[in-house]
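Structure at a glance
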Amino acid sequence: MNNYGWMQIIFFFVVLLAAVNPFGSYLARVFRGERTFLSPLLVPCENLLYRVCGVDRNEEMPWRRYALSLVLFNLAGGVALLAILLLQGVLPFNPQKLTSFPWHLALNTAVSFMTNTNWQAYSGETSASYFTQMFGFTVHNFLSAATGIAVAIATIRGFVRHRSDLIGNFHVDLTRSILYVLLPVSLLVAPLLVSQGVIQNLSPYKKVPLVQPLTYEKAKLDGGGNAVRDARGNAVTERITVREVTVPMGPVASQEAIKELGTNGGGFFNANSAHPYENPTPLTNLIEAFLILLIGASLTYTFGEMTGNTRQGWAILAVMLALLVLAVGINYGAESAGNPLVAKLGVHQVNLEGKETRFGMAGSALFTSATTGTSCGAVNAMHDSMTPLGGMVPLSLILLSEVVVGGVGTGLYTMIAFVVIAVFVAGLMIGRTPEFLGKKIEVREMWMSIVTVMTSGVLVLFFTTLALWTPQAIASMANPGAHGLSEILYAFASMSNNNGSAFAGLSANTLFYNLTGSLAMFVGRFAPIVASLAMAGSLAGKKYVPPSLGTLPTDKVPFALWLSLVILVVGALTFFPALSLGPIVEHVTMLGGK
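Residues numbered from 1 in each chain as written. Predicted model: local features only at pLDDT ≥ 70, side-chain atom pairs only at ≥ 80, totals over all residues. Heavy atoms only, no water.

A closer look at the packing of helix α1 (residues 3-31) against helix α9 (residues 282-306)
Geometry of a packed helix pair, given as the angle between the helix axes and the separation of the axes. With their axes 7 Å apart at the nearest point, α1 and α9 run at an angle of 45° to one another. When the interaxial angle is binned, α1 and α9 end up oblique. Note that α1 runs across α9; the crossing there is right-handed. Of the residues belonging to the contact of α1 with α9, the class tally is 18 nonpolar, 6 polar and 1 charged. (Axes fitted to C-alpha atoms, helices over the stretch in contact; angles between N-to-C directions. Helix = DSSP H or I, 4+ residues; strand = E, 2+ residues; numbered from the N terminus. Parallel < 35°, antiparallel > 145°, perpendicular 65-115°, else oblique. Left-handed = near helix turned anticlockwise from the far one by under 90°. Nonpolar A, V, L, I, M, F, W, Y, C, P; charged D, E, K, R; others polar.)

If you want it as structure tokens, here you go:
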């Protein structure tokens with residue numbers, strides 16, 4: 001840890017906070033249907049889309065119809081992506097002649113991008129054609145991100161509307177999310193990334209000669225792929241000389257911008273944002289981390305402005321950022337301390353294993369916390385190579401249902417569910433019917449909040465237990481013991497919470513993980529969405545209750561501290577036993593010299 005690293009982190013959060021007010025206010029104007037500086041250009045495009053699709057922009061929906069439209073739209077998109085993956089070998093823009101995906105991998109990948117998870121059990125540069133990347137993955141990066149924003153806006157309307165069963169029009173909210181938010185920012189950021197070295201082309205992969213030939217020993221294999229052994233049973237090797245390497249090309253910048261902005265995270269390359277063609281400089285590292293947090297943080301101000309209480313929005317954001325800064329600090333400190341076993345040898349060295357030196361320790365800690373505190377699976381360092389406590393930070397952030405600051409839309413509506421739980425419990429403690437922003441919180445809202453918050457936790461624990469009972473799942477573990485448990489726990493936490501990052505060390509492209517992962521991603525995405533919309537519909541039908549002397553102030557510091565405590569307690573009660581058997585045991589073992 002050094003002063004330069006802390007200055008970089010402080011500067012980053014200052015810039016992020018400066019952007020929250022103007023961008024959040026812009027989002028509020030967009031979804032209230034007010035005029036913005038982009039209206040002269042985009043209103044004709046918006047109206048044309050509505051006419052072509054047969055959408056009445058003035059017709060609003062009850063929550064059930066809103067939810068049904070959302071689920072059916074996403075299912076249709078998922079089926080389209082599945083078809084692209086299964087037919088990839090005969091589709092255009094495939095200069096490397098890549099074959100189609102196996103059916104179970106195609107299913108897992110289609111569900112992954114449909115649910116904003118972007119979990120990748122494949123290597124992008126060796127598996128996905130340019131057509132798949134552009135018309136499959138990039139399109140879904142827009143659609144899944146816009147879906148999350150639409151749900152957040154519909155949830156906000158639940159507090160704004162009184163005695164109404166209408167929460168908006170899904171198709172209108174989706175269209176405005178893309179036209180006014182995601183597309184303009186992506187168009188601005190993509191050229192900026194290109195200027196820094198992110199590639200954007202449709203060229204075939206390049207064969208590049210090495211400056212010096214590379215010679216190494218490789219195990220000799222027979223026709224069945226098994227190692228050849230001599231009479232004594234020793235493996236036979238052969239000398240290989242490499243004189244050139246293949247350098248992947250492709251339309252990377254256009255996907256990179258929306259991948260980060262929409263908290264999607266699916267990497268064009270297997271190394272994701274650690275690859276120099278995706279994230280080449282310290283500047284792009286900060287830009288991409290900023291994009292990951294921008295919409296999720298700004299939606300808190302949108303919430304405050306649309307409900308007429310901006311202090312409430314700032315209070316929610318303060319809780320989010322306090323937990324995020326704490327996570328950055330713990331990860332930065334743990335990785336800077338390094339391995340104590342190395343220190344015992346008289347050599348103090350920070351843990352740079354699995355990190356890119358061009359980003360440094362601070363840039364890696366910041367990006368790691370940003371991408372796992374949101375539903376973004378982009379990584380610029382290998383979480384598997386972190387110290388046990390350092391690796392527990394991204395795992396814990398995902399397990400907290402990604403509310404720090406959460407994915408685009410998903411972070412806000414999940415945090416609102418936590419707020420409802422905190423208000424309800426506080427109301428029980430003081431013997432008063434709980435209220436939040438003028439709406440009474442009753443049993444229905446409480447149940448919907450529990451479903452929103454606890455769905456992912458149930459899925460994580462169930463599928464992790466199932467994996468530990470399944471020989472094929474255990475065989476995919478590259479490491480035994482506590483670290484192997486962390487790999488499986490992280491995988492299902494990532495899929496169930498629609499994050500998409502991987503702890504590495506787990507061979508996930510198997511029938512077991514592809515099928516169980518598909519189910520975890522689908523339920524983990526749409527169960528909380530439907531629950532949040534149901535809560536919005538219930539709240540919209542209630543009358544407004546003016547605040548009184550007994551009303552709990554939810555926009556002040558004591559409630560913010562209470563909300564933080566509720567989030568941490570729920571996370572600890574759900575996952576502390578699993579964490580104790582994984583990274584905590586591994587840390588204690590490391591301190592014991594083993």
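Now that the structure is up, let's keep going.
Quick word on the packing of helix α15 (residues 443-469) against helix α17 (residues 481-496)
At their nearest, the axes of α15 and α17 sit 9 Å apart, and the two run at 140° to each other. Considering their axes alone, α15 and α17 lie oblique with respect to each other. Note that α15 runs across α17; the crossing there is right-handed. Across the interface between the two elements, Ser 456, Leu 459, Val 460, Phe 463, Thr 464, Ala 467 and Leu 468 of α15 pack against Leu 485, Ile 488, Leu 489, Phe 492, Ala 493 and Ser 496 of α17. (Contact = heavy atoms within 4.5 Å.)

Quick look at the nonpolar core
Membership of the largest hydrophobic core comes to 157 residues, with the highest contact counts inside it found for Leu 182 and Met 415. The two domains that each donate at least three residues to this core are domain 1 (21-201 + 252-294) and domain 3 (410-592). Met 415 has contacts with Ile 316, Val 319, Met 320, Val 403, Leu 563 and Ile 567, leaving out every residue within four places of it along the chain. Residues Leu 399, Val 460, Leu 489 and Ala 578 belong to the second largest nonpolar core, which totals 12 residues. (Core = buried A, V, L, I, M, F, W, Y, C linked by side-chain atoms within 4.5 Å. Buried < 20%, exposed > 50% of the residue type's maximum accessible area, 1.4 Å probe, protein only. Domains from an automatic or database assignment.)

Some points on a nonpolar patch on the surface
Judged by side-chain polarity, Leu 86, Leu 87, Val 90, Trp 103, Leu 511 and Leu 515 come together as a nonpolar surface patch covering roughly 580 Å² of accessible area. Summarising the element assignment, Leu 511 is placed in helix α18 (residues 511-540). (Patch = residues over 30% accessible without salt bridge, like charges linked within 9 Å, V, L, I, M, F, W, Y side chains within 5 Å. Areas by Shrake-Rupley, 256 points an atom, 1.4 Å probe, with all protein chains shown as cover. Salt bridge = Lys/Arg side-chain N within 4 Å of Asp/Glu carboxyl O.)

Things to note about unusual backbone geometry
Here the bond from Val 404 into Val 405 is cis, since omega is 5°, no more than 30 degrees from zero. With respect to the helices and strands, Val 405 occurs in the loop between α13 (388-399) and α14 (410-430). Even without glycine at this site, Thr 263 takes up a positive phi of about 45°. Since its relative accessible area comes to 0%, Thr 263 is described here as buried. Located in the positive-phi region is Leu 437, a residue other than glycine, with phi close to 55°.

A closer look at the domain arrangement of the protein chain
Under the domain assignment used here, the protein chain contains domain 1 (21-201 + 252-294), domain 2 (206-247) and domain 3 (410-592). Taken together, the contact pairs 39 residues of domain 1 with 42 residues of domain 3. Between domain 1 and domain 3 the total buried area reaches about 3400 Å² when both faces are included, carbon and sulfur atoms providing 73% of it. Among the residues domain 1 hides against domain 3, the three largest losses belong to Trp 63, Trp 119 and Phe 159. Together they make up 24% of the total. Where domain 1 touches domain 3, the interface holds 12 residue pairs in polar contact (both at pLDDT 80 or more). Among the elements of the structure, α3 (63-86), α4 (103-114) and α6 (130-160) are those that each provide at least two residues to the side of domain 1 that touches domain 3. For the side of domain 1 that touches domain 3, the element with the most residues is α6, which contributes 11 residues. (Buried area = accessible area lost by both parts, 1.4 Å probe. Polar contact = N/O pair within 3.5 Å; in protein donor to acceptor, adjacent residues only side chain to side chain.)

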